[in-house]
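Examining the three-dimensional arrangement
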Amino acid sequence: MLEKMTLMRGDITRLSVDAIVNAANNSLLGGGGVDGAIHRAAGPELLKECRLLGGCRTGEACITGGYLLPAKHVIHTVGPVWHGGGYHEEDLLAGCYENSLKLARDNGLRSIAFPAISTGAYGFPIKKASQVAVQTVARFLQQNALPEKVFFVCFSERDTLVYQETLDELAGMENET
Ligand code: APR
């Protein structure tokens, strides 16, 4: 499965993939962080389509066009706000990855790029978030033919190093089995 996952550092709005994933909020009406960057790069038509969706529950995902982005689609998902770990935050974050991948599969998309959902404004610890991301994606890829390629796009050097460490841990586990 590792060959289908690629880690990179950069700006997710610049990727020419079938879908980039947006770390949105429940209103889907834009915000800061990667949400703000995606809306700025996609242009006003994205917000117009988002308005028609009527919001999105935490842990769930929905798909729109990509408009002025190089990506064909945006999959919007709403991560959990970190409250210390006792409020099913991990399960909700796993749901963001799982539901985004299901939408990609069901729409016949072959490539998808994820930011580090919930690790910015929502305060989810990056190491645990990277483990949830990598493990959820690896499990889905084992059970589904689509998508064929998943990119983890980190914005900071620090986050990239944490994701690399988590991917190396998974590789170690895969070698043992
Ligand atoms: N490309 C890739 N990753 C980015 C980009 C970008 N252009 N901009 C920011 N990031 C990274 C951040 O560094 C962080 O690691 O995305 C990760 C998620 O951080 P946030 O964007 O703050 O998202 P999140 O923590 O899920 O909080 C969501 O913030 O922007 C608002 O409307 C959004 O209310 C929602 C909340």
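About the cut-offs
- Residues numbered from 1 in each chain as written.
- Predicted model: local features only at pLDDT ≥ 70, side-chain atom pairs only at ≥ 80, totals over all residues.
- Heavy atoms only, no water.
- Helix = DSSP H or I, 4+ residues; strand = E, 2+ residues; numbered from the N terminus.
- Expected span 1.5 Å × (residues − 1).
- Buried < 20%, exposed > 50% of the residue type's maximum accessible area, 1.4 Å probe, protein only.
- Arc of directions from axis to C-beta.
- Contact = heavy atoms within 4.5 Å.
- Salt bridge = Lys/Arg side-chain N within 4 Å of Asp/Glu carboxyl O.
- Phe/Tyr/Trp six-rings, centres within 6.5 Å; stacked < 30°, edge-to-face > 60°.
- Near = heavy atom within 4 Å.
- Polar contact = N/O pair within 3.5 Å; in protein donor to acceptor, adjacent residues only side chain to side chain.
- Areas by Shrake-Rupley, 256 points an atom, 1.4 Å probe, with all protein chains shown as cover.
- Nonpolar A, V, L, I, M, F, W, Y, C, P; charged D, E, K, R; others polar.

Relative to the 28 Å expected for 20 residues at 1.5 Å per residue, helix H5 (residues 157-176) spans 29 Å between its end C-alpha atoms, a close match to the ideal helical length. Regarding H5, the residues found buried are Asp159, Thr160, Val162, Tyr163, Thr166, Leu167 and Leu170. Looking straight down H5, one finds that the buried residues subtend no more than 165° of arc, so they occupy a single side. Seen from the open side of H5, the exposed residues pointing more than 90 degrees away from its buried face are Arg158, Leu161, Asn175 and Glu176. The elements touched by buried residues of H5 are strand E1 (5-9), helix H3 (89-106), helix H4 (126-143) and strand E6 (149-154).

Now for the pattern of salt bridges. All chains considered together, the criterion is met by ten salt bridges. The salt bridge partner of Lys72 is Asp18, with a shortest N-O separation of 2.7 Å. With a gap of 54 residues between them, Lys72 in the loop between strand E3 (61-65) and strand E4 (73-78) and Asp18 in the loop between E1 and strand E2 (19-24) connect regions that are remote in the sequence. The exposure class of Asp18 is buried, given its relative accessible area of 12%. Two residues, Lys127 and Glu169, come together in a salt bridge whose shortest N-O distance is 3.0 Å. Here Glu169 lies in helix H5 and Lys127 lies in helix H4, a separation of 42 residues in the sequence. Several salt bridges converge on common partners, so that one network encompasses Lys127, Glu165 and Glu169.

Right, let's talk about the packing of aromatic side chains for a bit. Taken as a whole and judged by the stated rule, the model has three aromatic pairs. Taking the centre distance of 4.8 Å and the plane angle of 45° together, the rings of Tyr97 and Phe114 count as tilted. Linking Tyr97 in helix H3 with Phe114 in strand E5 (residues 111-114), this pair joins segments that are 17 residues apart in sequence. Taken individually, Tyr97 and Phe114 each receive the classification buried, so the pair is uniform in this respect. With centroids separated by 5.5 Å and ring planes inclined at 45°, the aromatic side chains of Phe152 and Tyr163 adopt a geometry described as tilted. You can see Phe152 sitting in strand E6 and its partner Tyr163 sitting in helix H5, a full eleven residues away along the chain.

As a further point, take the site of the ligand. Taken together, 21 residues surround the ligand, and among them Asn25, Gly32, Val34, Asp35 and Gly120 come closest. A distance of 3.0 Å is found between a nitrogen atom of the ligand and a side-chain nitrogen or oxygen belonging to Asp11. One nitrogen or oxygen atom from the main chain of Ile12 is found 3.0 Å from a nitrogen atom belonging to the ligand. Protein chains bury 89% of the 690 Å² of accessible surface belonging to the ligand in isolation. Broken down by secondary-structure element, the contributors of at least two residues to the shell around the ligand are E2 and helix H1 (33-42). When residues of the shell around the ligand are assigned to their parent elements, the largest contribution, four residues, is made by H1. Residue composition of the shell around the ligand, by class: nine nonpolar, nine polar and three charged.

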